[in-house]
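So you can see what is in the structure, the chains are spelled out below.
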Amino acid sequence: MTGIILGLLFGTGLFCIWWSCWVREEDPERTSEPPKLMRVLRDELVQAGYPSVTARTLLVGCSVAFLLVFLLVYAVVGVPAIGLCFALMAAWGPYALVRMRARKRRNRLRDLWPDAVDNITSAVRAGMSLPEAVSQLGARGPEELRPAFQAFGQDYRITGRFHDCLDRLKERLSDPVADRLIESLRIAREVGGSDLGRLLRTLSVFLREDSRTRAELETRQAWTVNAARLAVAAPWVVLAMLSSRPESVQAYSSAAGAIVLFLGALLTGVAYWIMMRIGRLPEDERVLR
C-alpha cells in the first residue's frame, strides 16, 4: 500500500514538472475584456458624470444600502419580511439614480452633438487639420463637451497618435453618438479625400433629425412612465404608513404574511417591467465601442 502511494506521488510530481514546461496560451478576449454587466455599468457611470466611480464601487454601494435599510427597518418594525422589501428597494436606489442621471445627460448631449459636428466642419473648411479641428472643441465647443476634448488635445500633443487618442476620447465620453462621430473621423483620416465636409454635414443633419424625433416621442411617452411609477410606488407608500402601527404590522410577521408581501413585490415588479417595456423607446447601444 505504501509503495502504491509513493508511486502515485512520484507520478504526480513528474506530471506537474512536465506540465510546467508548456506555456499556457491566454485568450486575450477573456483576459482583457470585462463582463458585459460591468461594461454596461461602467458606461452608465461615465454617462451619468461619475467617471471616477467604478462598477464594483456601485455594486458595493447597493449592497451597503441593502444592509443598512434592512437593519434599520427591522429595528423599527420588527418584521423581517417588511425590512427585506424596503431593503431591496434601497439596493436598487443607487443604480436607479445612476441610470436616471445618465439618461438625462444623454438627452442633453444629444442636442449638443450637432453643434460639435458643425464646429468641426467649419474648422476643416477653414484649413485646419483633422486633429486640430477636433482639439479646438476643447475651447470652442459646447461647454459640457469641452473637458473631454481638452484631454484629447493634450493626448495628441504628447503622443501624436491620432487613432490612440480617439480611442481614449471614446472611453471618456462613453456615448453612442460620440462613437459614431469618432469612427467617422477615423475613417476620414484613413481614407482621406474631399468628402469629409459632406460626411460631417450629413451626420449633423441626421443627428438633428434624430434628436427632434426622440424629443417628440419622449414628450408623448412621459404619461406612461409617470403612471407606471405612481402605480408601483402607491402600495409601498401605504405599507410604510401601515408600518407605523404595531397592530397592523403583526399581520406580516407570519409565514402567510411574508408570502403575501413577496408575491406583491413580484407582481409589482413584473407589472412595472411590462408597462416600461410597452412605453420604452429604443436606446442607442455602443455597437462601435
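These figures come from a predicted structure and were not determined experimentally. (Residues numbered from 1 in each chain as written. Predicted model: local features only at pLDDT ≥ 70, side-chain atom pairs only at ≥ 80, totals over all residues. Heavy atoms only, no water.)

*Asks:* Mind showing me how you'd approach the packing of helix α5 (residues 80-125) against helix α13 (residues 255-278) here?
*Replies:* Geometrically, a packed helix pair is captured by the angle between its two axes and the distance between the axes. Running from N to C, α5 and α13 point in directions that differ by 15 degrees, and their axes come no closer than 9 Å. Regarding the angle of α5 to α13, the classification is roughly parallel. Of the two elements, α5 crosses α13, and the hand of that crossing is right-handed. Of the residues in α13, those touching α5 at Ala81, Ile82, Leu84 and Cys85 are Ala258, Leu261 and Phe262. The residue inventory of the contact of α5 with α13, partitioned by class, reads seven nonpolar, no polar and no charged. (Axes fitted to C-alpha atoms, helices over the stretch in contact; angles between N-to-C directions. Helix = DSSP H or I, 4+ residues; strand = E, 2+ residues; numbered from the N terminus. Parallel < 35°, antiparallel > 145°, perpendicular 65-115°, else oblique. Left-handed = near helix turned anticlockwise from the far one by under 90°. Contact = heavy atoms within 4.5 Å. Nonpolar A, V, L, I, M, F, W, Y, C, P; charged D, E, K, R; others polar.)

*Asks:* Sorry if this is basic, but what is going on with the packing of aromatic side chains here?
*Replies:* What characterises a pair of aromatic rings is the spacing of the ring centres plus the angle enclosed by the ring planes. Within the structure shown, the criterion is met by seven aromatic pairs. Where Phe66 meets Phe70, the ring centres are 6.5 Å apart and the plane angle is 5 degrees; that geometry is what we call stacked. With Phe66 and Phe70 both in helix α4 (residues 55-77) and four residues apart, the pair spans about one turn of that helix. Using a relative accessible area of 28% as the deciding quantity, one classes Phe66 as partly exposed. Seen in terms of ring centroids, Phe152 and Phe162 are 6.0 Å apart; in terms of plane orientation they differ by 80 degrees. Their pairing is edge-to-face. (Phe/Tyr/Trp six-rings, centres within 6.5 Å; stacked < 30°, edge-to-face > 60°. Buried < 20%, exposed > 50% of the residue type's maximum accessible area, 1.4 Å probe, protein only.)

*Asks:* Please clarify how the pattern of salt bridges should be interpreted in this entry.
*Replies:* Opposite charge on two side chains permits them to pair, given that their charged atoms come into close proximity. A complete count under the given rule lists twelve salt bridges for this structure. Across the pair Arg208 and Asp118 runs a salt bridge, and its minimum N-O distance is 2.8 Å. With a gap of 90 residues between them, Arg208 in helix α11 (residues 196-242) and Asp118 in helix α5 connect regions that are remote in the sequence. Overall, Arg208 belongs to the partly exposed group, its relative accessible area being 33%. One salt bridge connects Lys170 with Glu183, and the closest N-O pair in it is separated by 2.4 Å. Note that Lys170 is positioned in helix α9 (residues 162-173) and Glu183 in helix α10 (residues 176-191), a separation of 13 residues in sequence. (Salt bridge = Lys/Arg side-chain N within 4 Å of Asp/Glu carboxyl O.)

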